[in-house]
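# Remarks on the overall topology
Each chain, written out:
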Amino acid sequence: MKVAAGRSFVEHVRAEVAEVVPDLQWTLIAADGSCPESVEECELVVLAGDTYTSAFVETVRKLPAIRWAHTEDAGTDGLFYDAMRARRVTVTHSPGANAAEVAEFAIGCMLWSAKRLGEFHDNQRAHRWQLLALDSLSDKTVLVVGLGAIGSRVAALAKAFGMYVVGIRRSPEVLAQVDAQGTLTDLPNFLPIADFVVLALPFTEEHRGLITQSALALMKPTATLINVARGAMVDVTALQEALAAGRLRQACLDVLPTEPWPVEDGLWDTPRLLLTPHNAWSSPLYLPRVASVWLENLRRYVRGEELLHRIS
């Protein structure tokens, strides 16, 4: 059995893999897609760590012998997944591996907004000593759109701050940390009451352009929009106009419709907007969690059992 992966991932799992499949062979592919040896016979692929790059994807998605691919992703949209589905390759992913970090990031964005941390930083750079009126989170309402691994954790953390939590999910099962819950059809009713709107749902075509000009018009002018889901869910032109006109307090986008975002675009200079480069997942704990999921699936794979987190 031969596996194509990157060096950082292999370092996390090599010792334990030797106990599961002693004769397993590794083919190390660099982040730029280069490899010192043949990859033609690789049966397994791991898209994680330092090889989570477009060059690596281009190399591995054409492998003729590939039977199972595992990724570090929570979401399952994109060219790699489309290519694997077209070839009927078994694909598994790692939902929840980055949930803690992304949820913490979303809470950090709420604090950035409520405590006006961006303005304090600007004042520091200008050597300006100025008191600012600050908000509390404990009397605020947060709308969490998507209550999966990430969204449910955002809800729990928000509850710990004393916030009123409204959630949207497909399932009718009510979560203990959510005060009021509905489905996407309830979004127009929930947007007007939210002080913070956190997008944390997986991407589907149904969710493309979820936050449009009309949706933004329903939000409070004192509200903050936080997107840690997918960039295509937000009409960034409409968002830019709403922020510039003062119809929305602030927005934090960790994801954008195009990544990297064009350096010359005016979105970078939009007032009261925080842009981060799809970075909310980052943590030294992330890759070990992904490795743990893959190791359990490797044990199942060699025993011919059903794999965890398999994508249909």
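Before reading further, recall that the structure is shown in the block above.
The paragraphs below set out a description of the structure included in this document. (Residues numbered from 1 in each chain as written. Predicted model: local features only at pLDDT ≥ 70, side-chain atom pairs only at ≥ 80, totals over all residues. Heavy atoms only, no water.)

## A word on the pattern of salt bridges
According to the stated counting rule, one finds 18 salt bridges in the structure shown. Here lysine 140 makes a salt bridge to aspartate 135, at a shortest N to O gap of 3.8 Å. The shortest N-O distance in the salt bridge between glutamate 296 and arginine 299 comes to 3.7 Å. In this pair, glutamate 296 and arginine 299 both sit in helix 10 (residues 286-303), three residues apart, roughly one turn of the helix. Its relative accessible area of 26% is what places glutamate 296 among the partly exposed residues. One salt-bridge network, in which partners are shared between bridges, spans Glu16, Glu296, Arg299 and Arg300. (Salt bridge = Lys/Arg side-chain N within 4 Å of Asp/Glu carboxyl O. Helix = DSSP H or I, 4+ residues; strand = E, 2+ residues; numbered from the N terminus. Buried < 20%, exposed > 50% of the residue type's maximum accessible area, 1.4 Å probe, protein only.)

## With respect to the packing of helix 1 (residues 7-20) against helix 10
Here helix 1 crosses helix 10 at 30 degrees, and the two axes come no closer than 10 Å. Here helix 1 and helix 10 pass one another in a crossing that is right-handed. Each of Ser8, Phe9, His12, Val13, Glu16, Val17 and Val20 in helix 1 lies in contact with helix 10, whose residues at this interface are Leu287, Pro288, Val290, Ala291, Trp294, Leu295, Leu298, Arg299 and Val302. Broken down by class, the residue content of the contact of helix 1 with helix 10 amounts to twelve nonpolar, two polar and two charged. (Axes fitted to C-alpha atoms, helices over the stretch in contact; angles between N-to-C directions. Left-handed = near helix turned anticlockwise from the far one by under 90°. Contact = heavy atoms within 4.5 Å. Nonpolar A, V, L, I, M, F, W, Y, C, P; charged D, E, K, R; others polar.)

## Some points on a nonpolar patch on the surface
Residues Leu117, Phe120 and Leu134 make up a contiguous nonpolar surface patch of about 250 Å² in total accessible area. When its relative accessible area of 31% is taken as the criterion, phenylalanine 120 is described as partly exposed. (Patch = residues over 30% accessible without salt bridge, like charges linked within 9 Å, V, L, I, M, F, W, Y side chains within 5 Å. Areas by Shrake-Rupley, 256 points an atom, 1.4 Å probe, with all protein chains shown as cover.)

## Some details on the nonpolar core
Grouped together as the largest cluster of nonpolar side chains are 35 residues, with contacts concentrated most on Leu143, Leu199 and Leu225. Of all the secondary structure elements, the ones that give two or more residues to this core are strand 6 (141-145), strand 7 (164-168), helix 7 (187-190), strand 9 (196-199), helix 8 (213-218), helix 9 (236-244), strand 11 (250-253) and strand 12 (273-275). In terms of residue count, the dominant contributor to this core is helix 9 (five residues). Once you skip the residues sitting within four places of it in the chain, leucine 143 turns out to touch Val166, Gly167, Ile168, Leu187, Phe190, Leu191, Ala194, Phe196, Val197 and Val198. Judged by nonpolar contacts, the second largest core, of 28 residues, contains Val144, Val165, Leu175 and Cys252. (Core = buried A, V, L, I, M, F, W, Y, C linked by side-chain atoms within 4.5 Å.)

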